[in-house]
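# Observations on the three-dimensional arrangement
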Amino acid sequence: MKIIDRLSSGKVTVSCELFPPKAGKPLEDAKRIVRETAKLSPSYISVTCGAGGTTNDNTIEIASEVQRACGCTALAHVVCMGSTKEKIAAQLRQLKSHGIENVLALRGDVPLTGDTSRDYEHASDLIEEIARNHDFCIGAACYPEGHPESPSLRNDIDGLKRKIDAGAQFLTTQMFFDNNILYNFMFRLLRAGVNVPVTAGIMPITDARQIERTIKLSNASLPQRFYMIVDRFRDRPASMKQAGIAYATEQIIDLIANGIDNIHIYTMNKPDIAGSIIHNLSEIFDNSVS
């Protein structure tokens with residue numbers, strides 16, 4: 001099923017993101033995580049390429065497991081950093097052969113090898129190529145607080161418009177921890193004439209050690225009230241986990257109450273945490289999830 005059809009249904013969607021194991025690592029544990037996540041009945045499961053874009057083959061294998069073994073719609077990440085047109089085309093053919101119809105097209109991280117060469121300069125170039133030559137539903141990434149490399153928020157919105165003009169059908173946000181940031185971002189999109197579905201990315205912070213890396217990767221800021229939670233519970237892992245789940249749950253309730261119907265949970269391969277959030281919201285989701 002094409003994800004755009006679900007995101008445009010008018011019902012709440014709840015998706016989950018997983019990452020594949022590093023190259024050379026066994027896949028069985030990752031497949032177990034896929035099965036446990038699929039039991040939560042997400043609208044779809046997104047499969048990343050891993051840090052440094054080193055696990056494209058495993059991305060295909062895990063995305064295939066999502067669909068073949070679990071019967072859940074898969075969204076496979078495709079990155080152009082450090083790749084070539086030939087490699088991208090081969091990856092897309094493999095995805096299609098596994099029945100995968102949805103891709104998230106990204107520039108991607110700098111590979112661990114340091115190789116920044118690529119045939120597509122920007123994600124919009126990759127999106128245009130996929131839209132022109134392949135029958136995929138294409139998603140793109142967006143940063144509510146601006147891309148770390150963007151000179152301004154206006155420049156960032158212009159970049160998003162190029163992605164949509166190139167063929168992106170929906171956007172998935174990087175994580176954010178203050179919903180007002182997303183609401184302001186949505187207003188800027190509306191003012192710029194961007195009207196594709198936007199999925200709000202929620203990262204449950206359940207371990208204080210996650211914070212520094214999370215902020216670095218996402219360009220996200222943390223509100224003072226979240227720092228207070230971390231200061232109080234950082235040395236009590238069980239309490240920090242419970243507080244992180246509660247914070248993410250509260251964020252999602254507020255988003256849905258304010259008309260943001262598409263929610264994406266960055267699970268960090270922890271289906272128990274995603275499951276706790278979905279359980280907390282069971283009555284909210286039961287009658288509205290697509």
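Quick caveat, the model's predicted, so the values are computed rather than measured. (Residues numbered from 1 in each chain as written. Predicted model: local features only at pLDDT ≥ 70, side-chain atom pairs only at ≥ 80, totals over all residues. Heavy atoms only, no water.)

### Overview of the pairing of strand 3 (residues 74-79)
Along strand 3, 6 of the 6 residues are buried, which leaves the element largely enclosed by surrounding structure. Residues of strand 3 alternate between two faces, with Ala74, Ala76 and Val78 on one and Leu75, His77 and Val79 on the opposite face, all of them buried. Here strand 2 (residues 45-47) pairs with strand 3 via 3 bridges, running parallel. Bridging from a neighbouring strand, Ile45 pairs with Ala74 of strand 3. Taken together, strand 3, helix 4 (residues 85-97) and strand 4 (residues 102-106) form a β-α-β motif whose crossover is right-handed. (Buried < 20%, exposed > 50% of the residue type's maximum accessible area, 1.4 Å probe, protein only. Helix = DSSP H or I, 4+ residues; strand = E, 2+ residues; numbered from the N terminus. Pairing = 2+ DSSP bridges. Right-handed = clockwise from strand over helix to strand, strands pointing away.)

### Observations concerning the environment of His147
Tracing the sequence through the fold places His147 in the loop between strand 5 (137-142) and helix 6 (153-166). The spacing of His147 and Asn219 is 72 residues in sequence and 6.9 Å in space, taken between C-alpha atoms. In terms of polar contacts, His147 uses its side chain to reach the backbone amide nitrogen of Glu149, at 3.0 Å. (Polar contact = N/O pair within 3.5 Å; in protein donor to acceptor, adjacent residues only side chain to side chain.)

### So, unusual backbone geometry
The phi torsion at Met268 lies on the positive side, around 55 degrees, for a residue other than glycine. Among the secondary structure elements, Met268 is positioned in the loop between strand 8 (262-266) and helix 11 (271-280). In this structure Met268 comes out as partly exposed when scored by relative accessible area, which is 38%. Here Asn269, not a glycine, exhibits a phi torsion of approximately 60 degrees, which is positive. Structurally, the position occupied by Asn269 is in the loop between strand 8 and helix 11.

### Examining the packing of helix 5 (residues 123-133) against helix 6
Viewed as axis vectors pointing N to C, helix 5 and helix 6 meet at an angle of 10 degrees, and their least axial separation amounts to 8 Å. The angle between the axes of helix 5 and helix 6 places the two elements in the roughly parallel class. Seen from helix 5, the contacting residues are Ala123, Ser124, Ile127, Glu128 and Ala131; seen from helix 6, they are Arg162, Lys163 and Ala166. When grouped by side-chain class, the residues that make up the contact of helix 5 with helix 6 number 4 nonpolar, 1 polar and 3 charged. (Axes fitted to C-alpha atoms, helices over the stretch in contact; angles between N-to-C directions. Parallel < 35°, antiparallel > 145°, perpendicular 65-115°, else oblique. Contact = heavy atoms within 4.5 Å. Nonpolar A, V, L, I, M, F, W, Y, C, P; charged D, E, K, R; others polar.)

The quantities given are spatial measurements derived from coordinates; they are silent on function.
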